[in-house]
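The primary structure of each chain is shown beneath.
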Amino acid sequence: LTLGGEYAAELLVGHLRAGSVRLYVPEDERGRVQRAFQLAPSPQEGSVVLCEAFAGDLGRPSTGLEIKIAHPALIYAELMSSDDARLASIALRLKASRLTWIR
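Notes on the structure follow. (Residues numbered from 1 in each chain as written. Predicted model: local features only at pLDDT ≥ 70, side-chain atom pairs only at ≥ 80, totals over all residues. Heavy atoms only, no water.)

**Some details on the overall build of the protein**
In step 1: A count of helices and strands for the protein gives 4 helices and 5 strands.
In step 2: Listing the helices and strands of the protein from first to last along the sequence gives β-α-β-α-β-β-β-α-α.
In step 3: Pairs at least 24 residues apart make up 54% of the contacts formed inside the protein by residues separated by at least 6 positions.
In step 4: Accessible surface, the protein: about 6700 Å² in total, of which carbon and sulfur atoms supply 50%. (Helix = DSSP H or I, 4+ residues; strand = E, 2+ residues; numbered from the N terminus. Contact = heavy atoms within 4.5 Å. Areas by Shrake-Rupley, 256 points an atom, 1.4 Å probe, with all protein chains shown as cover.)

**Some words on the pattern of salt bridges**
In step 1: In this structure the tally under the stated criterion is 4 salt bridges.
In step 2: Note that glutamate 29 and arginine 32 form a salt bridge whose closest N and O atoms lie 2.5 Å from each other.
In step 3: Accessibility expressed as a relative area gives 26% for glutamate 29, which makes it partly exposed.
In step 4: For arginine 32, a relative accessible area of 52% puts it in the exposed group.
In step 5: Residue aspartate 84 pairs with arginine 86 through a salt bridge whose shortest N-O separation is 3.8 Å. (Salt bridge = Lys/Arg side-chain N within 4 Å of Asp/Glu carboxyl O. Buried < 20%, exposed > 50% of the residue type's maximum accessible area, 1.4 Å probe, protein only.)

**As for unusual backbone geometry**
In step 1: The phi angle at glutamine 38 is positive, at roughly 55 degrees, despite the residue not being glycine.
In step 2: Mapping glutamine 38 onto the fold places it in the loop between α2 (30-36) and β3 (48-52).
In step 3: Judged by its relative accessible area of 70%, glutamine 38 is exposed.

**As for the nonpolar core**
In step 1: Among the nonpolar cores identified, the biggest contains 24 residues, and Ala9, Leu12, Ile69, Ile75, Leu79 and Leu94 are the most heavily contacted of them.
In step 2: Sorting the residues of this core by element identifies α1 (5-13), β2 (21-25), β3, β5 (68-70), α3 (72-80) and α4 (85-98) as the ones contributing at least two each.
In step 3: Beyond its immediate sequence surroundings of up to four residues, leucine 94 is in contact with Leu12, Val13, Pro72, Ile75, Tyr76 and Leu99. (Core = buried A, V, L, I, M, F, W, Y, C linked by side-chain atoms within 4.5 Å.)

**Description of α3**
In step 1: Here α3 has its buried residues at Pro72, Leu74, Ile75, Tyr76, Glu78 and Leu79.
In step 2: Tucked inside the fold, the buried residues of α3 contact β1 (2-4), α1, β2, β5 and α4.

**A closer look at the packing of α1 against α4**
A pair of packed helices is characterised by two quantities: the angle between their axes and the separation of those axes.
In step 1: Contact geometry for α1 and α4: axes closest at 10 Å, N-to-C directions at 45 degrees. On the basis of the axis angle, α1 is oblique to α4. Judged by the twist between their axes, the crossing of α1 over α4 is left-handed. Contacts between α1 and α4 involve Glu6, Ala9, Leu12 and Val13 from the former and Arg86, Leu87, Ile90, Arg93, Leu94, Ser97 and Arg98 from the latter.
In step 2: Here the contact of α1 with α4 is built from residues that sort into 6 nonpolar, 1 polar and 4 charged. (Axes fitted to C-alpha atoms, helices over the stretch in contact; angles between N-to-C directions. Parallel < 35°, antiparallel > 145°, perpendicular 65-115°, else oblique. Left-handed = near helix turned anticlockwise from the far one by under 90°. Nonpolar A, V, L, I, M, F, W, Y, C, P; charged D, E, K, R; others polar.)

So this is what it looks like as structure tokens:
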């Protein structure tokens, strides 16, 4: 599993009370993860979104956590793709603290 979205941003930056979790899961592990976390499919996006882990190195282990957190650039893109001003503000904090190489 690789953690992304709002919750990953909360762990990296703080200043956010996450309303959703995005999990990147290898396609062949999706069913096992759904059963382990007792996730039911939803006709609309729920507070937990499962996405295909499109690369093996999406994230790195976070200090003190077993789960991997997605690369800050991916989290930034996720937050900026929303129409939520609150998330855009957190994305800018993330950019300032972890993505100084982005203009």
